[in-house]
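Listed below, chain by chain, are the residues.
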Amino acid sequence: MTASVILALGLGVVLVRRRSFAIALVSVQSLALGLLALDHDGELFVAGLVLLVKALALPALLVAVLRRTREPRLVAAAAGPLVRLAGTAAAAALAVVLLPPLATGDIHAERMAVALVVVGLSIVVARRPALFQLLGLIVAENGLSLLALSVPGGLSYVIELGALFDLALVVVVASFFTRGIHGELGTGDTELLRGLRD
Amino acid sequence: MTELALLVPLIALAGGALACLGRTPAAADRLNVVAALVTAAAALTLAALALTGEELRTRWLQVDGASGVLLAVIAVVGLCSALVSPAFLRTAGRSWFTAARSRRAYYAALYVFWAALMVVPVAGNLAVVWLVVEGTTGASALLVAFSGRREALEAGWKYLVLTTLGLSVALLGIVILAIGQAGLGETGLHALDWTALERAALEHDAALLAFVLIIAGLATKIGLAPVHNWLPDAHSEAPAPISALLSAALLPSVALVAWRVKTALEAAVGPGAAGAMFIGFGLASIIVAVPFLWRPLPFKRLLAYSSLEHMGVIALGIGFGTSLAIAGVLVHVAGHALAKSLGFYAALPLLRADPEAGSRPLAGVAASPTATAITVSLIALAGLPPSPLFVSEVLIALGGVQAGETAVVTVAVVALALGFLGLLHALFDGVLPEAGSRSRPHRGERQLVALTWTLGTGLLALTVASALLPGSALVEALL
């Protein structure tokens with residue numbers, strides 16, 4: 001049930017147009033994932049730290065970026081919300097169909113997790129604002145964390161903390177870029193970053 | 001050797017901190033030279049031990065002949081990049097960092113990147129090496145966009161997003177492997193050690209899925225076609241010393257990770273399937289690169305497409321996996337690193353004298369030390385004898401025949417011949433003087449002359465050494 005809600009929140013990021021709504025959705029998704037992790041047998045310290053960073057620290061950073069990169073108007077979407085949703089759902093469904101059983105003992109969780117990774121990747125590909133692409137990376141990482149919860153005996157805390165550190169590093173660096181792109185273009189629309197062609 | 005392997009990246013990090021301590025630009029540059037020399041000396045010592053000593057396999061480390069070659073490459077290219085960096089920074093102009101911070105930011109990111117690169121060839125665990133490879137992305141993306149120009153931001157953003165995306169796919173594969181290992185009773189971090197993966201009796205379908213995801217994800221970071229879109233932009237927009245590190249050190253280091261994955265999972269997925277994926281990526285990369293080698297492209301962009309071609313050759317060699325092909329891969333990694341980094345260093349005085357040269361094809365650089373460096377680099381990259389890349393390509397082709405992949409070898413050889421002609425075409429067009437034109441002398445070329453002699457001599461020495469590799473204990477240990 002919780003895994004389905006986490007997936008639905010990811011699909012919400014595909015649909016919404018406002019960056020602030022999308023940050024809120026990803027924050028709630030990370031919170032739900034963190035609570036699910038705390039509920040599992042494992043390192044409480046690690047689960048708590050992951051929850052704090054993903055559900056609070058990174059969204060707070062993104063809100064700060066949002067405030068410094070105000071858009072004069074909403075960035076036009078490459079496709080309508082229903083088209084985006086249909087495309088993402090089709091890609092996720094295909095991944096689920098092709099997925100062989102992974103022997104976690106919880107096929108539903110396996111499918112939800114892999115579908116969420118695909119949703120995250122689709123957000124990066126389909127959404128034009130830089131901040132949305134960044135959120136797509138976090139959604140994909142949340143999908144990986146969801147799958148990691150299914151690993152019998154749990155994934156090593158070294159990997160969980162390392163992946164968290166890498167995610168935080170990428171988000172911080174990408175935040176620099178988002179501000180730089182906005183400063184240079186006056187907007188965070190990555191569609192305008194098409195000057196380098198051969 | 002264990003202590004040194006752990007110490008080398010720490011020395012690089014300490015060196016970066018030292019360079020950042022300089023209160024004036026000149027002091028920072030001097031400290032950078034000291035830090036670079038010490039770091040490179042430590043890394044070369046470790047490389048020598050890896051190439052001449054017993055293979056070291058612990059739970060955290062795997063140091064073998066391939067590690068030795070990569071460590072030597074990373075040490076030499078890192079040292080050269082650090083030594084030419086002051087010349088770049090003196091005339092870099094605009095940066096997206098404030099003037100006061102830009103030098104420190106540059107050195108900090110350079111040494112973090114260099115330190116991370118030196119962990120990759122010696123890490124004994126798939127998950128740890130993934131974390132380090134992902135860690136290289138943050139530091140190197142900042143360096144790619146160092147100028148803060150629109151094009152540099154575009155290149156840095158593409159690099160950051162696409163490689164992170166690819167590495168997310170690879171991590172999905174790693175988690176699937178962890179699930180498979182847990183099913184066999186192997187849990188925790190060490191279930192993903194190279195040695196643990198090699199002996200694991202993983203279920204075929206899940207292992208194959210994990211293998212495909214990991215290799216496809218890593219291919220994004222190696223810059224193999226068709227997931228290479230970030231490569232030409234990042235290589236052409238990054239500062240020249242960073243382009244050299246990206247092309248000559250980062251790409252082959254990640255290729256080594258992919259090779260280790262192949263070795264570890266070959267038993268579970270089957271040698272045919274494992275090799276086929278590398279051959280597919282390799283052939284696609286060579287074929288995609290060739291038309292661009294014929295186009296009149298700016299010099300650094302031309303070098304970037306050459307990287308695509310050469311990573312394709314390395315992937316082919318890994319895919320064939322025979323004794324001759326592996327010997328060829330080792331020579332190719334080293335030869336490509338020396339030749340490609342020299343090409344990027346040659347771009348420094350070129351762009352300093354004429355910044356517009358970064359946006360138009362090479363022309364009119366005849367009769368200058370820059371022309372000599374470009375000529376040596378392009379001839380070596382084209383694979384014209386006595387370039388070691390000629391030897392390595394022949395070895396890989398023979399290795400392909402040895403593996404029974406004659407059709408693949410035929411296509412690859414034709415594509416490589418076309419690429420060879422394309423690079424020679426660029427050389428003649430760019431370096432030979434236009435009628436009535438005189439080449440302009442470029443400042444700071446003494447350093448380039450020294451680099452040309454050093455790296456050129458290294459290329460010739462490698463050609464000689466490559467004759468000793470086939471059938472050697474170094475190669476046999478990697479099969």
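Residues numbered from 1 in each chain as written. Chains lettered and ligands numbered in written order. Predicted model: local features only at pLDDT ≥ 70, side-chain atom pairs only at ≥ 80, totals over all residues.

As a further point, take the overall build of chain A. Scanning chain A from N- to C-terminus turns up 7 helices and 0 strands. Mapped in sequence order, the helices and strands of chain A form the string α-α-α-α-α-α-α. In terms of overall size, chain A behaves like a compact globule, its C-alpha atoms giving a radius of gyration of 17 Å where 198 residues would be expected to give roughly 16 Å. Once the C-alpha set of chain A is aligned to its principal axes, its extents read approximately 50 × 35 × 35 Å. (Helix = DSSP H or I, 4+ residues; strand = E, 2+ residues; numbered from the N terminus. Rg over C-alpha atoms; globule rule 2.2 N^0.38 Å.)

The number of helices and strands found in chain B is 18 helices and 2 strands. In terms of C-alpha radius of gyration, chain B reaches 21 Å, essentially the compact-globule figure of 23 Å for 479 residues. Projected onto the principal axes, the alpha-carbon positions of chain B cover approximately 70 × 50 × 40 Å. Relative to its full complement of 479 residues, chain B shows a buried share of 65%. In chain B, of all internal contacts separated by at least 6 residues, the share reaching a separation of at least 24 is 82%. (Buried ≥ 20, exposed ≤ 12 C-beta atoms within 10 Å, placed from the backbone. Contact = placed C-beta atoms within 7 Å.)

In this section: the packing of helix α5 (residues 107-126) of chain A against helix α6 (residues 130-149) of chain A. All names here are of chain A. The interhelical angle for the contact between α5 and α6, taken along N-to-C directions, is 165°, at an axis separation of 7 Å. Taken together, the axes of α5 and α6 are roughly antiparallel relative to one another. Both α5 and α6 take part in a crossing whose hand is left-handed. Of the residues in α6, those in contact with Ala-109, Glu-110, Met-112, Ala-113, Val-114, Leu-116, Val-117, Val-119, Gly-120, Leu-121, Ile-123 and Val-124 of α5 are Phe-132, Gln-133, Leu-135, Gly-136, Leu-137, Val-139, Ala-140, Asn-142, Gly-143, Leu-144, Leu-146 and Leu-147. (Axes fitted to C-alpha atoms, helices over the stretch in contact; angles between N-to-C directions. Parallel < 35°, antiparallel > 145°, perpendicular 65-115°, else oblique. Left-handed = near helix turned anticlockwise from the far one by under 90°.)

Another aspect to go through is helix α14 (residues 369-382) of chain B. Residues and elements named next belong to chain B. Compared with an ideal rise of 1.5 Å per residue, which puts 14 residues at 20 Å, α14 spans 20 Å between its outermost C-alpha atoms and is within 8% of the ideal. Where burial is concerned, most of α14 is hidden: 12 out of the 14 residues are buried. Buried residues belonging to α14 abut α12 (299-320), α13 (323-353), α15 (388-402), α16 (406-431) and α17 (445-466). With its phi angle positive at about 90°, Gly-383 sits one or two positions after the end of α14. (Expected span 1.5 Å × (residues − 1).)

Our focus in this paragraph is the interface of chain B and chain A. In this assembly, 43 residues from chain B lie in contact with 39 residues from chain A. At the level of secondary structure, the elements contributing two or more residues to the side of chain B that touches chain A comprise α5 (126-144), α6 (150-183), α8 (204-222) and α9 (230-237) of chain B. Considering each element in turn, the side of chain B that touches chain A owes the most residues, 21 residues, to α6 of chain B. Broken down by class, the residue content of the side of chain B that touches chain A amounts to 25 nonpolar, 11 polar and 7 charged. (Nonpolar A, V, L, I, M, F, W, Y, C, P; charged D, E, K, R; others polar.)

A few words on the nonpolar core. The biggest cluster of nonpolar side chains holds 270 residues, and the ones touching the most others in it are Leu-135 of chain A together with Val-73, Ile-174, Val-175 and Tyr-345 of chain B. A per-element tally of this core places α6 of chain B first, with 21 residues. The residues contacting Leu-135 of chain A, other than those within four sequence positions of it, are Val-13, Ala-22, Ile-23, Val-26 and Ile-123 of chain A. (Core = buried A, V, L, I, M, F, W, Y, C linked by C-beta atoms within 7 Å.)

Looking now at the environment of Gln-133 of chain A. Its place among the elements puts Gln-133 of chain A in helix α6. Judged by local crowding, Gln-133 of chain A falls into the buried class, with 23 C-beta atoms found within 10 Å. Considered as a pair, Gln-133 of chain A and Ser-4 of chain A are 129 residues apart in the sequence and their alpha carbons are 22 Å apart. Setting aside its immediate chain neighbours within four residues, Gln-133 of chain A contacts Val-124, Arg-127 and Thr-190 of chain A together with Val-161 of chain B.

Residues and elements named next belong to chain A. In the contact formed by helix α2 (residues 19-39) and helix α3 (residues 44-68), the axes pass within 8 Å of each other and the chain directions differ by 175°. The angle between α2 and α3 places the two elements in the roughly antiparallel class. From α2, Arg-19, Ser-20, Ile-23, Val-26, Ser-27, Ser-30, Leu-31, Gly-34, Ala-37 and Leu-38 reach across to α3, where they touch Leu-44, Ala-47, Gly-48, Val-50, Leu-51, Lys-54, Ala-55, Pro-59, Leu-62, Val-63 and Leu-66. Here the residues of the contact of α2 with α3 sort into 14 nonpolar, 5 polar and 2 charged.

Turning our attention to α8 of chain B. All names here are of chain B. The first and last C-alpha atoms of α8 sit 26 Å apart over 19 residues, in line with the 27 Å expected at 1.5 Å per residue. Burial of α8 is extensive: 14 of the 19 residues sit out of reach of the surface. At the C-terminal side of α8, Gly-223 shows a positive phi close to 85°.

Residue and element names in this part refer to chain B. Per-chain confidence: chain B averages 92 in pLDDT, with 96% of residues scoring 70 or above. When pLDDT is averaged over each element of chain B, α15 comes out on top at 97 and strand β1 (residues 56-57) at the bottom at 87. For this predicted complex, the interface score ipTM comes out at 0.93, alongside a pTM of 0.94. (pLDDT = per-residue confidence, 0-100.)

Below, the discussion takes up the environment of Ala-78 of chain A. All names here are of chain A. Within the secondary structure layout, Ala-78 lies in the loop between α3 and α4 (81-98). Note: C-alpha distance between Ala-78 and Arg-128 (50 residues apart in sequence) is 7.1 Å. Sequence-distant contacts of Ala-78, defined by excluding residues within four places in its chain, comprise Ala-126 and Arg-128.

On the secondary structure map, Thr-263 of chain B appears in helix α10 (residues 240-269). A sequence separation of 58 residues divides Thr-263 of chain B from Gly-321 of chain B, and the C-alpha atoms of the two residues are 9.5 Å apart.

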